[in-house]
Amino acid sequence: MRVKTVLVFVIAFFFFFCFFSACTREDLEQVEISDHTAEFAFPLFSTDLLMKDLMLNILNDTLSGDTLYINPDNSMTLIYTGDVAEKKATDIFNFLENGLVPIPDSVSTSPIQAPDGVTVTRADIKSGTITLIIYNNTPDTVSGIFEITQMSANGVIFKYPFTVPPTPSTVWISPPIDLSGNILLSGSNILEFKYYAYNKEGVRIEFPSINGGFAPVFVSFQNLTFSYLQGYWGYSSYPLTRDTIEIDLNQTNLDGNVKVKNPKVTMRISNSWGFPTRGKIKYLSFIGKDGTEYKLNSTIFVDDAVDFAFPDFTKDEVGQTKYTYLKMDETNSNIAEIFNAQPTRLVYEVEGISNANLDPNVIGFLTDSSTIKLSVGVELLLEGSADNFQTDQTLDLDFGTYSALDTTEIEAVEFKLVTENQTAISAAVQIFFLDENENKVDSLFVGGPQFIMNAAPVNAQGIVSGVTRKENFIPMTVARFERVRTTKKAVLQAAFTTADGGQIPVKLLATDQVVIKMGLKVKTRL
Amino acid sequence: MRLSTLLLFLFLCFDLSAQQELMLQSAPELWHSNATNPAFFPQEKRLVIGLPAYALDAAHSGDLTLNDVYAKRNGIRYIDFSEAINKLDPENTVHFDQRIETVSIGLRLSKKWALQAGHANRFTGAVTYPKDLPALLWNGNAPYIGKTLNIGPKIALFNWNEWSVGAMRSFGNLTIGAKLKFLTGVSALESDENHHKAEIYTNPDIYQLTLNTDYAFNSSSIISAFDTAGYGFRVSLGSLNGKAFTANTGIAYDFGFNWQLTKRIRVSASVLDWKGKINWTENANYYKSNGTYEYEGAVFPGTDIINGGDSLDFDSKIDTLNDIFKFVKTPKEFSTSLPTRYYASFSFMLNARWTFGASFYKQSGAQTHSALGFSARWSPIKWATIAAMYSVDDRSVANIGMQFILKPGPFQLYLMSDNLANVFTPRNTPALNIRAGASLVF
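In short, a report on the structure. (Residues numbered from 1 in each chain as written. Chains lettered and ligands numbered in written order. Predicted model: local features only at pLDDT ≥ 70, side-chain atom pairs only at ≥ 80, totals over all residues. Heavy atoms only, no water.)

Topic: the overall build of chain B
Under the convention used in this document: Secondary structure follows DSSP: runs of H or I at least 4 residues long count as helices, runs of E at least 2 residues long count as strands, and numbering of each begins at the N terminus. Only protein chains enter the accessibility calculation, which uses a 1.4 Å probe; a residue is then buried when its area is under 20% of its type maximum, exposed when over 50%, and partly exposed in between. Using the Shrake-Rupley algorithm and a 1.4 Å probe, accessible areas are obtained, with residue cover drawn only from the displayed protein chains.
Along chain B, the regular secondary structure elements total 7 helices and 25 strands. By residue count, 55% of the 442 residues in chain B fall in the buried class. Accessible surface for chain B amounts to roughly 17,900 Å². Of this, 58% is attributable to carbon and sulfur atoms.

Topic: empty space enclosed by the protein
All names here are of chain B. Quick note on the threshold: Site definitions follow a grid-based scheme: protein atoms alone, a 1 Å grid, a 1.4 Å probe that fits but cannot get out for cavities, and for pockets an open set with protein on both sides within 12 Å along at least five of seven lines, plus lining residues having an atom within 4 Å of a point. Grid points are joined across faces, edges and corners, and a volume is the space filled by probe spheres set on the points. Charged means Asp, Glu, Lys or Arg here, nonpolar means Ala, Val, Leu, Ile, Met, Phe, Trp, Tyr, Cys or Pro, and polar covers whatever is left, Gly included.
Following the criterion strictly, the structure yields 6 cavities of 30 Å³ or more and no others. Empty space within the largest cavity amounts to approximately 180 Å³. In terms of lining residues, the largest cavity is bounded by 19 residues, among which Asn 34, Arg 99, Ser 104, Ser 164 and Lys 179 are the most central. Those elements that provide at least two residues to the lining of the largest cavity are β4 (91-108), β5 (113-130), β7 (154-171) and β8 (174-202). Per-element accounting of the lining of the largest cavity gives the leading share, 5 residues, to β5. When grouped by side-chain class, the residues that make up the lining of the largest cavity number 6 nonpolar, 8 polar and 5 charged.

Section: the side chain of Ser439(B)
Inclusion rule: Contacts were defined at the residue level, with two residues in contact if any of their heavy atoms lie within 4.5 Å.
Within the element layout of this structure, Ser439(B) appears in strand β25 (residues 431-441). Non-local contacts of Ser439(B), meaning those with residues more than four positions away in its chain, are made with Trp31(B), His32(B), Ile49(B), Gly50(B), Leu51(B), Pro410(B), Phe411(B) and Gln412(B).

A few points about the pairing of β8(B)
Residues and elements named next belong to chain B. The condition that has to hold: Paired strands are those between which DSSP finds at least two bridges.
Looking at chain direction, strand β6 (residues 148-150) and β8 are connected through 3 bridges and run antiparallel. Residue pairing in the sheet places Thr 148 in a bridge with Tyr 201 of β8. Sheet topology places β7 next to β8; 16 bridges connect them, and they run antiparallel. Bridge pairing in β8 places Trp 160 opposite Gly 185. With antiparallel pairing between neighbouring strands as the criterion, β7 and β8 make up a hairpin whose turn holds 2 residues, including Gly 172 at a positive phi of roughly 70°. In this structure, β8 lies alongside strand β12 (residues 249-260), joined through 11 bridges in antiparallel fashion. When the bridges of β12 are listed, Leu 183 appears paired with Gly 250.

Some thoughts on the pattern of salt bridges
All names here are of chain A. We apply this condition: Counted as salt bridges are all cases of a side-chain nitrogen of Lys or Arg within 4 Å of a carboxyl oxygen of Asp or Glu.
In this structure the tally under the stated criterion is 30 salt bridges over all chains. With a shortest N-O distance of 2.5 Å, Asp 307 and Arg 278 are connected by a salt bridge. One end of the pair, Asp 307, is in strand β22 (residues 305-308); the other, Arg 278, is in strand β20 (residues 277-287), and 29 residues separate them in sequence. Given the relative accessible area of 43%, Asp 307 is considered partly exposed. According to the relative accessible area criterion, Arg 278 is partly exposed, its value standing at 23%.

Right, here's the structure in full:
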C-alpha cells in the first residue's frame with residue numbers, strides 16, 4: 001500500500017511537470033501569427049480650383065495684353081485686346097522741318113511746305129535753327145539786318161544783324177540762329193524774308209545775283225520742331241491700324257460647344273488732334289475655326305464710319321484729349337449670332353480721315369503731343385453655357401513612397417474621389433496615366449470618363465446658390481494599382497457642361513471654386 | 001516591435017510571470033518560502049543552497065483566454081486576434097509578476113541565529129489598455145472611419161535585480177527575520193498618470209487623420225526610439241537583456257516572523273518590499289506627445305493643377321506621417337516604488353500526515369491585490385507532500401491550488417500553483433499562477 005501510494009504520487013508529479021512543460025513549449029514557440037486582412041485608410045491629396053485662376057490660365061496661354069476683369073459683383077469679364085494703334089500728329093503732318101529757301105531779292109516770299117489740304121496760320125517753334133548764307137561779290141564789306149516778317153518772339157519781329165566781307169570765291173555763313181520761342185503767323189501759308197544791306201558808305205544795296213541768276217542769299221532751316229500748329233485742315237486720309245485679336249477661349253482643338261451670353265466688341269479712341277477726324281471701318285470681321293468670315297455689322301456705323309470726338313479750337317480745348325467709346329453688342333450688331341459660331345479671331349482695319357466733310361471753316365490745331373489712339377477689344381462676360389466642352393492638362397506625377405510599397409501583401413485598393421463644387425459646371429473626367437515614354441499605361445476609370453462633379457444649383461440669375469458634393473468610389477485591382485503607382489505623368493481630360501445640361505446660361509464668378517480631394521483605402525495582409 | 005508583437009504583448013503577457021504565492025506561504029519547510037517571509041528557514045537544517053526557482057502570476061481582465069487567440073489550421077497553430085478583440089471590454093488590464101530566483105544560500109549559525117543571501121530577478125507590470133488599441137493595430141483604421149479611437153494605454157513595467165542579505169533570530173518559538181535588498185533596475189516603462197490620452201480619428205471625408213495626444217511616459221532602457229513610418233506604428237526597443245548591475249539603484253526591506261505557538265499551531269506574517277524604491281538614471285528619458293496632429297494628405301495648389309507647371313509629388317507629403325506622434329524625448333531621471341506585499345498565515349497540524357492552514361495576501365500600491373486561501377496538506381511519506389488550497393482573490397472565488405513537494409535526501413523539489421485548473425488548461429483561462437524550484441538542504 002505504501003509503495004503504491006508513493007508510485008501514484010511520483011506519477012502525478014511527473015505528469016504535472018511534463019504537461020506544463022509541453023503545454024508551454026507548444027503555446028509559446030510553435031505558433032505563428034495568422035494571416036489576416038487589415039484595411040487602412042489615408043488621405044491622398046486635395047486641391048482647390050478657383051474659377052479665377054482657371055480663366056487667368058486661359059488668358060496667359062496667349063496674349064499678354066488680355067485681362068480678366070473682376071466686376072464688383074464678382075462676375076468676370078474676359079477682355080481680349082488688340083495692339084493699341086497710336087498715330088502722332090507729327091507722323092502725318094511733317095513740314096518745314098528742314099529746308100533751304102532762296103532769297104533772290106531784298107524782299108522775297110516763300111510758301112510754307114505744308115501737307116496737301118493744310119493751311120497753317122500759326123506755328124509755335126519749339127526748337128531748331130536757321131542759318132543765313134550770303135554770297136558777297138561786291139568789293140565792300142556789307143552790313144545789314146535780316147528779317148522774317150511773320151516770325152516774332154514776344155511781339156518782336158525776328159531780325160538778325162550781319163556783316164559780310166567780300167567773298168568773291170566763297171560764301172559767308174552765319175552761325176546757327178536759335179529760333180526757339182518764335183512764333184510764325186501767316187494767313188496764307190506764305191513767309192516773307194527781307195534783308196537790309198548797306199555798303200561802307202551807308203548806301204542800301206542788294207547783293208548781286210550769282211552768275212547764272214542764282215540767288216545770292218539763302219536761309220537754311222535745320223531741325224525745326226513746333227509745339228503748336230494752327231490752321232485749316234482739309235480732307236486727308238491716312239491708315240490708323242490693322243490688327244487681329246485672338247479669341248483663345250474658342251481656340252482649343254477639342255470638342256464641345258460654348259455659348260457666351262452677350263459678347264461685346266468695343267472700340268476706344270482717345271484723340272487730342274484738334275480737328276475733326278472720322279474713322280473709316282475698312283474691315284471688321286470675325287473669323288471662324290474653318291476660316292469662314294463673319295462680318296460684324298453694327299448700327300453705330302454710318303457708311304462703315306464713325307466720327308471721333310476731338311478737342312475743339314473754338315471751345316478753347318487745346319491740349320485736351322477727347323474719348324470715343326464704341327460698343328457693339330447684341331443690341332446694335334449681329335455679334336451674338338456670330339459668337340454662336342465660336343469665332344477664333346477678330347480682324348479689323350481702320351482708316352483716319354481729317355475734315356471728312358470738307359468744311360472750309362474748320363480751324364484746327366495740333367500740339368507736339370497730339371495723338372490719336374485706337375484700341376479694340378472683345379469683352380466676354382463669363383456668362384453662358386457649355387455642353388461637353390473639353391479641355392486637358394498634363395501633370396507630372398510622383399507617387400513617392402507609394403511607388404516603393406510592397407504590393408505583394410496588398411489585396412485591393414479603393415480610391416475615394418470627392419468633389420465639392422461651387423460652380424455651375426459639371427464635369428466628366430478621365431485620367432490617363434503615362435509612363436516615362438508618355439505611353440498610356442492605364443486610366444483611372446475603366447470604360448471611359450465618368451461624371452465626378454455635378455453642377456451646383458443656380459438661381460434665376462444664373463448665379464451659383466449652393467455647393468454640390470459628390471463622392472466617387474473607384475476600386476482598383478492590385479495589378480492595376482501596381483501599374484499606376486509607377487507612372488510619371490497624368491493627362492487629365494475634363495469635359496464641362498453647365499447647369500441643366502448646358503441649356504441655360506450661367507454666370508461664372510471669380511469666387512466660384514471646386515474642391516477636389518482623394519483618399520485611399522488599402523486592404524493588406526498582415 | 002512589430003504590430004503583431006505588440007498585440008502578443010498585450011494579450012499573452014500573462015504567460016510570463018507570478019507573484020501571489022499563497023501555496024508557497026503555506027509550506028515554510030521549503031527554502032524558497034523564505035521569499036515570502038524572511039523568518040522561514042527549514043527546520044533543523046544548517047546549510048541551505050537555493051537552486052533556481054521560477055514563479056509566475058499573471059492575469060488578464062475579463063474572460064479572455066488563450067483559446068480566443070489560438071487557432072489551428074493544417075496542423076499549424078496560429079495566433080488570431082479577431083475573436084479575442086471581440087471579447088475585450090472597453091478597457092482591459094493585464095498584470096503580471098515574475099520572479100526568477102537564481103541562487104541563494106542560508107546558514108544557520110546557532111539555534112538562535114541564521115544568515116541568508118541571494119539574488120533574484122523580478123519583472124512586474126500592469127498594462128491597462130483600451131479595446132480600441134488592439135482593434136486598430138489588428139484591423140487597421142478603415143473599419144473605424146468616423147469614430148474616435150482611444151488608443152492610449154496606461155503602462156507600468158519594471159524589471160530589476162534583487163541582491164539580498166538577511167538574518168533571523170529565534171526567541172524560543174518565535175523567529176523574526178529581516179532582509180535588506182539592494183535593487184538594481186534593468187528597465188522600466190511607466191506612463192504618466194496625468195498624460196495618457198491618445199486619440200485617433202479617421203474622417204469619413206477622404207480619410208483625413210486626426211491624432212489628439214496628451215501622452216507621456218518615463219522609460220529606462222526599454223524604448224529607444226519611435227518610428228511611425230509607413231502604415232504601422234513601430235517602436236524600437238532597447239535591449240531587455242538583464243544586466244546584473246546598473247546605475248539604477250534602490251533599497252527595499254523584508255520583515256517577518258514565524259511563531260510556533262504550540263506543537264500544532266503556527267502563525268506567521270511578513271512585510272515584503274517595504275520602502276522599496278528604485279531611482280532610474282540609466283538611459284532614463286521622458287517621452288511626451290502633446291497636441292493635435294492633422295494629416296490631410298498632400299495639398300496641391302489649384303494653380304499648379306490648372307497651369308500644369310508643377311509635379312504632383314506625394315513623396316514628401318506622406319513622410320509627414322512618420323512624425324505624426326512627434327514624441328519629444330527629454331532626458332529625465334525618475335523613481336518608482338515597489339508595491340508593498342503582506343503575507344499572514346496560520347497552520348494547524350492535525351497529525352504527522354495532515355496539516356490545515358489559512359493564508360492571506362495583500363498587495364498595496366498602484367495595483368492592489370488581495371487573496372485568502374485555506375489549505376490542506378498531506379504527507380503520506382516523510383519526503384513527499386501534496387497539498388490543496390481553496391482561495392478567493394480579486395478575480396475569482398473558485399481557485400483550487402495544488403502543491404507537490406518531494407524531498408529526497410538533501411533535495412527539495414516542488415511544483416505548485418494557486419490555481420491548478422489554470423495550469424493544466426492555460427488556454428482556457430485568463431489567469432495563470434505557478435511556481436517551481438529546487439533547493440539543497442543540509
